Amino acid sequence: MPRLSEVIAALDALWPAGLAESWDAVGMVCGDPDAEVSRVLFAVDPVQQIADEAVALGAQLLVTHHPLYLRGTTTVAASTFKGRVVHDLIKHDVALHVAHTNADRADPGVSDALAGALDLRVVRPLVPDPADPKGRRGLGRVCELDHPMTLAELADRAAKRLPATAQGIRVAGDPDAPIRTVAVSGGSGDSLFDDVRAAGVDAFLTADLRHHPVSEARAQTPLALLDAAHWATEWPWCELAAAQLDEISDRHGWGLRVHVSKTVTDPWTAHAAASHDSTGAPN
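Described below are features of the structure shown in this document. Quantities reported herein were computed from a predicted structural model and do not represent experimental measurements. Position labels on residues start from 1 in each chain and follow its written sequence. In view of the model being predicted, local features appear only for residues whose pLDDT reaches at least 70, and side-chain atom pairs are presented and counted only at 80 or more, with totals across whole chains, interfaces and linings using the full set of residues. Water and hydrogen atoms were dropped before computing side-chain values, which therefore reflect all heavy atoms in the structure.

Numbering of helices and strands runs from the N terminus; a helix is a DSSP stretch of H or I covering at least four residues, while a strand is a stretch of E covering at least two. Counting its regular elements, the chain contains nine helices and eleven strands. For this measure, only C-alpha atoms enter the radius of gyration; the expected value for a globule follows 2.2 Å times N^0.38, where N is the number of residues. Relative to a compact globule of 283 residues, whose C-alpha radius of gyration would be 19 Å, the chain shows 20 Å and is just as compact. Here the chain, with 283 residues, has 47% of them falling under the buried criterion. Contact criterion: two residues are considered in contact whenever any of their non-hydrogen atoms come within 4.5 Å of each other. For the chain, the proportion of contacts with a sequence separation of at least 24, taken over those separated by at least 6, is 65%. Burial classification: accessible surface area is computed with a 1.4 Å probe over protein chains only, and a residue below 20% of its type maximum counts as buried, one above 50% as exposed, and the rest as partly exposed.

The next point concerns the nonpolar core. Here, the term nonpolar core denotes a set of buried Ala, Val, Leu, Ile, Met, Phe, Trp, Tyr and Cys residues that are joined through side-chain atoms within 4.5 Å. By size, the foremost hydrophobic cluster in this structure holds 54 residues, and its most contacted members are W15, F42, L61 and W237. Broken down by element, this core gets its largest block of residues, nine residues, from helix α9 (residues 230-252). Residues in contact with F42, not counting those within four places in the same chain, are W15, V63, C238, A241, A242, L245, V258, H259, V260 and S261. Listed in part, the 15 residues of the second largest apolar core include I50, L89, V94 and L96.

With that settled, consider helix α5 (residues 110-117). In terms of burial, α5 is largely enclosed, as seven of its eight residues are buried. Looking only at α5, the buried set comprises V110, S111, D112, A113, L114, A115 and A117. A positive backbone phi angle near 55° is found at D119, which sits one or two residues after α5.

Once that is clear, we can look at the pairing of strand β2 (residues 39-43). Counting buried positions along β2 gives five out of five residues, so the element sits mostly inside the fold. Of the two faces of β2, the one holding R39, L41 and A43 and the one holding V40 and F42 are both buried throughout. A pair of strands is treated as paired once DSSP finds two or more bridges between them. Pairing analysis gives four bridges linking β2 to strand β11 (residues 257-260), with the strands arranged parallel. Paired with F42 across the strands is V260, a residue of β11. Of the pairings in the sheet, the one linking β2 to strand β3 (residues 61-64) comprises four bridges and is parallel in character. Bridging from a neighbouring strand, F42 pairs with V63 of β3.

Counted as salt bridges are all cases of a side-chain nitrogen of Lys or Arg within 4 Å of a carboxyl oxygen of Asp or Glu. Enumeration over the complete set of coordinates arrives at 13 salt bridges. Across the salt bridge formed by E144 and R121, the nearest N and O atoms sit 2.3 Å from each other. Of this pair, E144 sits in strand β6 (residues 138-150) while R121 sits in strand β5 (residues 121-128), and the two are 23 residues apart along the sequence. A relative accessible area of 31% places E144 in the partly exposed class. The salt bridge involving R210 is made with D190; its shortest N-O contact spans 2.7 Å. Separated by 20 residues along the polypeptide, R210 in the loop between β9 (203-207) and α8 (211-220) and D190 in the loop between β8 (178-188) and α7 (193-199) bring together distant segments of the chain.

In this description, a line fitted to the C-alpha atoms serves as the axis of each element, helices being fitted only across the stretch in contact, and the angle between N-to-C directions of two axes falls anywhere from 0 to 180 degrees. Axis separation between α5 and α9 bottoms out at 7 Å; the angle between their running directions is 100°. Between α5 and α9, the angle is such that the two are roughly perpendicular. Contacts from V110, A113, L114 and A117 in α5 reach T233, E234, P236, W237 and L240 in α9. Tallied by class, residues from the contact of α5 with α9 come to seven nonpolar, one polar and one charged. Each angle is binned into one of four classes, with values under 35 degrees roughly parallel, values over 145 roughly antiparallel, values of 65 to 115 roughly perpendicular, and all other values oblique. Ten residue types, Ala, Val, Leu, Ile, Met, Phe, Trp, Tyr, Cys and Pro, are classed as nonpolar, four, Asp, Glu, Lys and Arg, as charged, and the remainder, Gly among them, as polar.

We now examine the packing of helix α1 (residues 4-14) against α9. Orientation of α1 relative to α9, taken along the N-to-C sense of each, is 125°, at an axis distance of 11 Å. For the element pair α1 / α9, the angle class is oblique. For the pair α1 and α9, the sense of crossing is right-handed. Together, V7, A10, L11 and L14 of α1 and Q244, L245 and I248 of α9 make up the contact between the two elements. Among the residues forming the contact of α1 with α9, the class breakdown is six nonpolar, one polar and no charged. Left-handed describes a crossing in which the near helix is turned anticlockwise from the far one by less than a right angle; the clockwise case is right-handed.

In summary, the pairing rule links any two rings of Phe, Tyr or Trp, Trp by its six-membered ring, whose centres are within 6.5 Å, and it sorts them by plane angle into stacked for under 30 degrees, edge-to-face for over 60 and tilted for everything else. The full count for this structure, using the stated rule, is three aromatic pairs. Ring centres of F193 and F204 lie 5.9 Å apart, and the angle between their planes is 75°; on these two criteria the pair is classed as edge-to-face. Taken together, the residues F193 in helix α7 and F204 in strand β9 connect sequence positions eleven residues apart. The same class applies to F193 and to F204, which are both buried. One aromatic cluster is present, formed by W15, F42 and W237 through successive ring pairs.

So, in structure tokens, the structure goes:
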């Protein structure tokens, strides 16, 4: 069995910490570098449900996309919910490693996995990494559909291919508009509207779209927008990352057992649809 330090070195090669945004908190949160690893669990969120799942699975390493402590802390007391996660992981010899914006910018990365889940052909990064001579790394991806379809059909594909959440897929635009090119960005994407407009795509699929940026984007161009749940747009990366580690394990003869959590940690739990009889705001 490999040491934790060996597995972490392999993960760091996939998603170098140097690719992360300056404000981000990536890398190993807890764990003994000399401990042996035989089982790994991938998940989006380092919440209590996922920590419990890692312990029940007998994993020695939990890899999450979202950081546990993004803005730092002065305590890991078990009286706080994040401290309880740390205590439970350490008590059961489970290391925690985070790959966040470094996995967003990697090749392949979070948006490649999102595009793959939707059967989109990746053409190039939406926001290329100037340090990448091959032009493959960066934020988001510009993609082409396998065949033209309407916005309504694309939304239906996204609803069927992405993990089910209470939110589903929100759409802004003419349902019958023809779509041939799509920009995608896993996670919050409304800061990328300028780049999306510059890319000249027909549609943009991302998460966490807010009222004012969407209103302004729709006023400036006929760009169609699809807003999925944050967790749902990033979960496909877990499967991609697990497959990458599986390949590394096979190459080195490590015999790792690699798992992907199917626990839905999207915080929204229900959705009440508006009545189709409604014609506007109440009097």
